[in-house]
Number of protein chains: 2
Amino acid sequence: MNRKQLIAVINKKKTFLCVGLDTDLTKIPTFLLEKDDPIFEFNKAIVDATLPFALAYKPNLAFYESQGWKGLLSLEKTVQYIRQKSNDVFLIADAKRGDIGNTSTQYAKSFFGQEDNRLNYDAVTVAPYMGEDSVKPFLEFKDNWVVLLALTSNKGADNFQRLPIGNKQLFEQVLETSKQWADEKQMMYVVGATQADMLSQVRNIVPDNFLLIPGVGAQGGSLEAVVKYGLNNDCGLIVNSSRGIIYADNTKDFADRAAQEAEKIQKQMALYL
Amino acid sequence: MNRKQLIAVINKKKTFLCVGLDTDLTKIPTFLLEKDDPIFEFNKAIVDATLPFALAYKPNLAFYESQGWKGLLSLEKTVQYIRQKSNDVFLIADAKRGDIGNTSTQYAKSFFGQEDNRLNYDAVTVAPYMGEDSVKPFLEFKDNWVVLLALTSNKGADNFQRLPIGNKQLFEQVLETSKQWADEKQMMYVVGATQADMLSQVRNIVPDNFLLIPGVGAQGGSLEAVVKYGLNNDCGLIVNSSRGIIYADNTKDFADRAAQEAEKIQKQMALYL
């Protein structure tokens, strides 16, 4: 999905909500554990219920890898299912990858450009620490996006991301440098919602790029503050909620309750668009 | 494998060589492609041939993920095979992971503490950008190691890792800060061999920690320089070679040629120990 299509979907569905598929066998309703593939069954039900309210889905790879190859198979089935169900979904692999050039090329192949729909994402999150040649291989896939970590929503963001480099902080330098590598048609940034006051600093450097904002809900960020400092003329925001939606309930009603939570956020978002 | 055991194996086998299992279907001998699981068959042959000369094996996850769940299955079989074959192998998942706390816990479960041997590594490489709470969940596994990226061997290392933070460079600050999180019994660092002149700076900050040195061979680093600046009283080095060993030949003799290359390096290493 390119930038024009992404903006069109936002305006059509009146939402910039991303549902985080952080599917954890210890947190899903226990009756699902009797199924052959509980992770896939859970994801399928969540997608069916929340699709009217969601722009994007974002599985975090950690939750699938921790189940070994079977977890990866559940994820491939999920991606396939979403792709079959709708063309209007932006699909983000939250993987935070990054390695030397020839290895990043392998990672890029893992997420982009598969001939079938097994692992056919629109975007992947990438860590910036290893620099340009660790990011570029992902950008070779011209129909796909890199979502580069800039300022994350966790406490550890203070350890390095906010260190002073001259009169800037490291995350600002990451923005300044990396915006030379690709324009707003291929590059997005992760900016934690718990750092909403710093969004205006981010917007000074990257006014046009889409920002992926995790941390609304369970991690404590406020949608209002994110919109106030982050919204641009093309929306420019993809706001993620994971636990607050997918684990709103753990009875047989879990999917309905997930839909309610997603709709609540979507209604708020519609007002801002 | 704890630090004491690791040092014992180094002294017993007279080697600190790590063989990088960056197994790429487009580079392995073509006759293997007829087998049911070419990746596993290749790895098995490489391990059988190089085991007398190797301290460690380091599969890079990217090469397996790019094959989808089947690649992960080949990797699990490889790990199982190595574990059954020898107790004297240090096994590193080169994954460069790191995420917010509860997600890093999932990654830690992916690599450590599995009840069977499916994914039972000694160590995992971790990216530092997200800070302390992204690294700590790995350190909860007291029998396992974090290998934190400090200074990598690629050109992009200059983009951020070498930026000045006061009178230090970022990679030095990463060393200073992270050595508070765990001692030399659980923390190692990645330091690129192409940066051998900077190894003495690294040793000033972390004299006792083991360093994982990629980039000897194909990436252009020299073993002599690495030993000169990096060796400490407990050896303190694990030096990786991937392509130079595993792709030394792509005929039916590939395993023998890999053994020869590994032995050549091991013989040099024995002189330094």
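As the structure is a prediction and not an experimental result, all values here were calculated from the model.

### A word on the confidence of the model for chain A
In this model, chain A carries an average pLDDT of 94, and 96% of its residues clear a pLDDT of 70 or more. This complex was scored by the predictor with a pTM of 0.96 and an ipTM of 0.95.

### With respect to the environment of Asp 122 of chain B
Residues and elements named next belong to chain B. Along the polypeptide, Asp 122 turns up in the loop between helix H5 (101-111) and strand E4 (123-126). For Asp 122, a relative accessible area of 6% puts it in the buried group. Distance in space between the C-alpha atoms of Asp 122 and Leu 273 is 23 Å, their sequence separation being 151 residues. Apart from the residues within four sequence positions on either side, Asp 122 is in contact with Met 1, Arg 83, Val 89, Phe 90, Leu 91, Phe 112, Asn 144 and Trp 145.

### A closer look at the pairing of strand E5 (residues 145-151) of chain A
Residue and element names in this part refer to chain A. Most of E5 sits inside the fold, with 7 of its 7 residues counted as buried. A crossover connection joins strand E4 (residues 123-126) to the parallel E5 through helix H6 (residues 132-139); in handedness this β-α-β unit is right-handed. Sheet topology places E5 next to strand E8 (residues 187-191); 5 bridges connect them, and they run parallel. Counterpart to Leu 151 in the pairing with E8 is Val 191.

### Some points on the sheet that holds strand E3 (residues 90-97) of chain B
Around the barrel, which closes on itself, the 8 strands sit in the order E1-E2-E3-E4-E5-E8-E9-E10 (chain B) with parallel pairing between neighbours. Neighbour-to-neighbour, the strand axes of this sheet turn through a mean angle of 30°, independent of strand direction.

### Quick notes on the relation of the copies chain A and chain B
Under the fitted operation, chain A is carried onto chain B by 0.0 Å of movement along the axis and a turn of 180°, and the coordinates agree to an RMSD of 0.0 Å. Such values leave the two copies arranged in the relation of a two-fold axis. In this assembly, 100% of the residues forming the interface of chain A have copies in chain B that are likewise at the interface, indicating an isologous arrangement.

### Things to note about the packing of aromatic side chains
All names here are of chain A. The tally for this structure, following the rule as stated, stands at 17 aromatic pairs over all chains. A centroid spacing of 6.1 Å and a plane angle of 80° characterise the contact between Phe 90 and Trp 145, whose relative ring orientation is edge-to-face. Note that Phe 90 is positioned in strand E3 (residues 90-97) and Trp 145 in strand E5, a separation of 55 residues in sequence. For the pair Phe 90 and Trp 145, one class covers both residues: buried. Of note, Lys 252 hangs over the ring of Phe 31, and the distance from its end group to the ring centre comes to 3.8 Å.

### Some points on the interface of chain A and chain B
Taken residue by residue, the interface counts 59 residues in chain A and 59 residues in chain B. Note that Glu 65 of chain B and Arg 97 of chain A form a salt bridge whose closest N and O atoms lie 2.9 Å from each other. Put simply, chain A and chain B have 28 residue pairs in polar contact (both at pLDDT 80 or more) between them. Ranked by the residues each element gives to the side of chain A that touches chain B, the list is headed by helix H5 (residues 101-111) of chain A, at 7 residues. By residue class, the composition of the side of chain A that touches chain B is 25 nonpolar, 21 polar and 13 charged.

### Quick look at the sheet that holds strand E1 (residues 17-21) of chain A
All names here are of chain A. Around the barrel, 8 strands lie side by side as E1-E2-E3-E4-E5-E8-E9-E10; this closed barrel has parallel pairing. Taking each pair of neighbouring strands and ignoring which way they run, the sheet shows an average axis angle of 30°. Relative to strand E10 (residues 237-241), E1 runs parallel, the two being bridged by 3 bridges. Each residue of the ladder has a partner; that of Leu 17, found in E10, is Val 239. On top of the sheet, helix H2 (residues 38-50) reaches E1 and strand E2 (56-59); it is set at about 170° to E1, its chief contact.

### Points about the packing of helix H10 (residues 223-230) of chain A against helix H12 (residues 254-272) of chain A
Residues and elements named next belong to chain A. In the contact formed by H10 and H12, the axes pass within 11 Å of each other and the chain directions differ by 25°. The pairing of H10 with H12 is recorded here as roughly parallel in orientation. For the pair H10 and H12, the sense of crossing is right-handed. Contact residues: Leu 223, Glu 224 and Val 227 in H10; Ile 265, Gln 268, Met 269 and Tyr 272 in H12. Taken together, the residues of the contact of H10 with H12 break down into 5 nonpolar, 1 polar and 1 charged.

The rules we used
Residues numbered from 1 in each chain as written. Chains lettered and ligands numbered in written order. Predicted model: local features only at pLDDT ≥ 70, side-chain atom pairs only at ≥ 80, totals over all residues. Heavy atoms only, no water. pLDDT = per-residue confidence, 0-100. Helix = DSSP H or I, 4+ residues; strand = E, 2+ residues; numbered from the N terminus. Buried < 20%, exposed > 50% of the residue type's maximum accessible area, 1.4 Å probe, protein only. Contact = heavy atoms within 4.5 Å. Right-handed = clockwise from strand over helix to strand, strands pointing away. Pairing = 2+ DSSP bridges. Axes fitted to C-alpha atoms, helices over the stretch in contact; angles between N-to-C directions. Least-squares fit on C-alpha atoms with pLDDT ≥ 70 in both. Phe/Tyr/Trp six-rings, centres within 6.5 Å; stacked < 30°, edge-to-face > 60°. Lys NZ or Arg CZ within 6 Å of the ring centre and 35° of its normal. Salt bridge = Lys/Arg side-chain N within 4 Å of Asp/Glu carboxyl O. Polar contact = N/O pair within 3.5 Å; in protein donor to acceptor, adjacent residues only side chain to side chain. Nonpolar A, V, L, I, M, F, W, Y, C, P; charged D, E, K, R; others polar. Parallel < 35°, antiparallel > 145°, perpendicular 65-115°, else oblique. Left-handed = near helix turned anticlockwise from the far one by under 90°.

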